[in-house]
Amino acid sequence: MLIPISSTNENEIHAYAYITKYSSKKMMKYLLIILFISGFMAITVFFLWDISDTGFKNDIAEVSSALHPAFSAFDTNNTDIYLEGTNVVIETNGEPNHETVWWGKGHKLYKEEPYVDMNRGGTLITDEDNSFTLTVSSHPQLAEEPTATNMGPIGISVSGANIFNDQEGNGALDGALSSIDWTGGHKGPTEYHYHLEPVAWSKDDEALIGILADGFFIYGRKCHATGEHPTDLDASGGHISTTQYTKTPEYHYHIINEEYINGNYIIFGGDYRGTPTIKRKERKNRPPRPSIAEIFSFMDDDGDNLLSVNEVKGPIKNDFSIIDKNTDGFISKEELEKAPKPAQGKRR
Ligand SMILES: [Zn+2]
Ligand SMILES: [Zn+2]
């Protein structure tokens, strides 16, 4: 079907007429033939995919029927991990599977750590419901925008205990360092959790630390792909490479090899690069906070019904200037009653 080419308007009109006339009968016939051939090809391709070992049908089957091999590193006594459709559910009792002072004397995993300030946390691991559940995609994708982390758990470690970010309460971690145990963990007023490289099982190596709330795994300071500290990490400590659990390169985080303090390293201080899905269980069995009378009987050493800065401990000491409304250098029972929320002992 040759189309006359010309620059004059008259010939263009002629050409259109020619095509229209031609289309009405023969073009229809060609179209039907093309449709028939492409239909045949589609069926053939589908059939080949179906019987092939590498077809997309098999990939979809893998997505929904197998847990990522890295989940084998999680302590099965503390965690329950299973697929739910295209998601993975990671349930943990939140308890660490190793020794720490935060178990309290008498517990089989209690460790003597005289330098740890126990007053900050106030309660022991066994006093709290440490449980937490994460539901993440079994095949997480990088998001277009990073997402900041929140207070509370940002991930679950292979020990069973939760991972927190680089903040404590609403401030810097520095203020809480005195309460951190030998392996980067402590108790806040809530569950036991890690802020720093958990040396119980991660010693400047490639060990899996855990999984974050966006579904990506986080490893130690070295990468299995090179055996070295990776040099291609993004601001969140992430990069794409193979790991000890997968031959296919995939996105994962590392503890960034930048010393925070005294040979300690922050686990995760950046933003999520995937899409976080935080789902937490209702808290139960929270111990009651001490009453005002209990706090005074515990701290008011000179019995003058006023707490001086030397008498108080823990959160009350940290917030002393906020609680001491009239700034006379003493906290009265009335001032403690009206103290803002972070202070312990606000009310029973
Ligand atoms: Zn903390
Ligand atoms: Zn890596």
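Residues numbered from 1 in each chain as written. Chains lettered and ligands numbered in written order. Predicted model: local features only at pLDDT ≥ 70, side-chain atom pairs only at ≥ 80, totals over all residues.

Draft legend 1. Representation of the sheet that holds strand E11 (residues 217–219). What the eight strands build is an open sheet, ordered E8-E9-E5-E4-E10-E11-E13-E12; its pairing is mixed. Two strands bound the open sheet, and with one partner strand each, they are strand E8 (185–187) and strand E12 (238–243). For E11 and strand E13 (residues 246–254), the ladder comprises two bridges, and the chain directions are parallel. Opposite Tyr219, over in E13, you have His254 as the bridge partner. (Pairing = 2+ DSSP bridges. Helix = DSSP H or I, 4+ residues; strand = E, 2+ residues; numbered from the N terminus.)

Draft legend 2. Geometry of the environment of Ile278. The topology assignment puts Ile278 in strand E14 (residues 278–279). As for Ile278 and Asn150, which are separated by 128 residues in sequence, their C-alpha atoms are 9.7 Å apart.

Draft legend 3. Molecular detail of the nonpolar core. Ranked by size, the top nonpolar core spans 41 residues in total, and within it Leu134, Ile163, Ile209, Leu212, Ile218, Ile267 and Phe268 carry the most contacts. When residues of this core are traced back to their parent elements, those giving at least two are strand E2 (87–92), strand E3 (132–137), strand E9 (192–194), strand E10 (208–212) and E11. Aside from chain neighbours lying at most four places away, what touches Ile163 is Pro153, Ile154, Gly155, Ile156, Ser157, His193, Tyr194, Gly210, Ile267 and Phe268. One finds Leu307, Val312, Ile316 and Ile331 within the second-largest nonpolar core, a separate group that totals nine residues. (Core = buried A, V, L, I, M, F, W, Y, C linked by C-beta atoms within 7 Å. Buried ≥ 20, exposed ≤ 12 C-beta atoms within 10 Å, placed from the backbone. Contact = placed C-beta atoms within 7 Å.)

Draft legend 4. Geometry of the environment of Thr231. Among the structural elements, Thr231 can be located in the loop between E11 and E12. Among the residues examined, Thr231 registers 9 C-beta atoms within 10 Å and is labelled exposed. Each C-alpha atom, one on Thr231 and one on Asn257, is 9.7 Å from the other, the two residues being 26 residues apart in sequence.

Draft legend 5. Geometry of the environment of Tyr82. Of note, Tyr82 is situated in strand E1 (residues 79–84). The exposure class of Tyr82 is exposed, given the 11 C-beta atoms found within 10 Å. For the pair formed by Tyr82 and Ala66, sequence separation is 16 residues and the distance between their alpha carbons is 9.3 Å.

Draft legend 6. Broad picture of the pairing of E2. Judged by which residues are buried, E2 turns out to be one-sided: Val88, Ile90 and Thr92 face inward and are buried, whereas Asn87, Val89 and Glu91, on the alternate face, are not. The antiparallel pairing of E1 with E2 creates a hairpin that spans two residues between the two strands, and Gly85 there sits at a positive phi of about 65 degrees. For E2 and E3, the ladder comprises six bridges, and the chain directions are antiparallel. The partner of Val89 across the bridge, within E3, is Thr135.

Draft legend 7. Expanded view of unusual backbone geometry. Non-glycine residue Asn305 carries a positive phi angle of around 60 degrees. As for its placement among the helices and strands, Asn305 is situated in the loop between helix H3 (292–299) and strand E15 (307–308). Owing to 10 C-beta atoms within 10 Å, Asn305 belongs among the exposed residues under this scheme. Phi at Thr327 is positive, roughly 50 degrees, even though this residue is not glycine.

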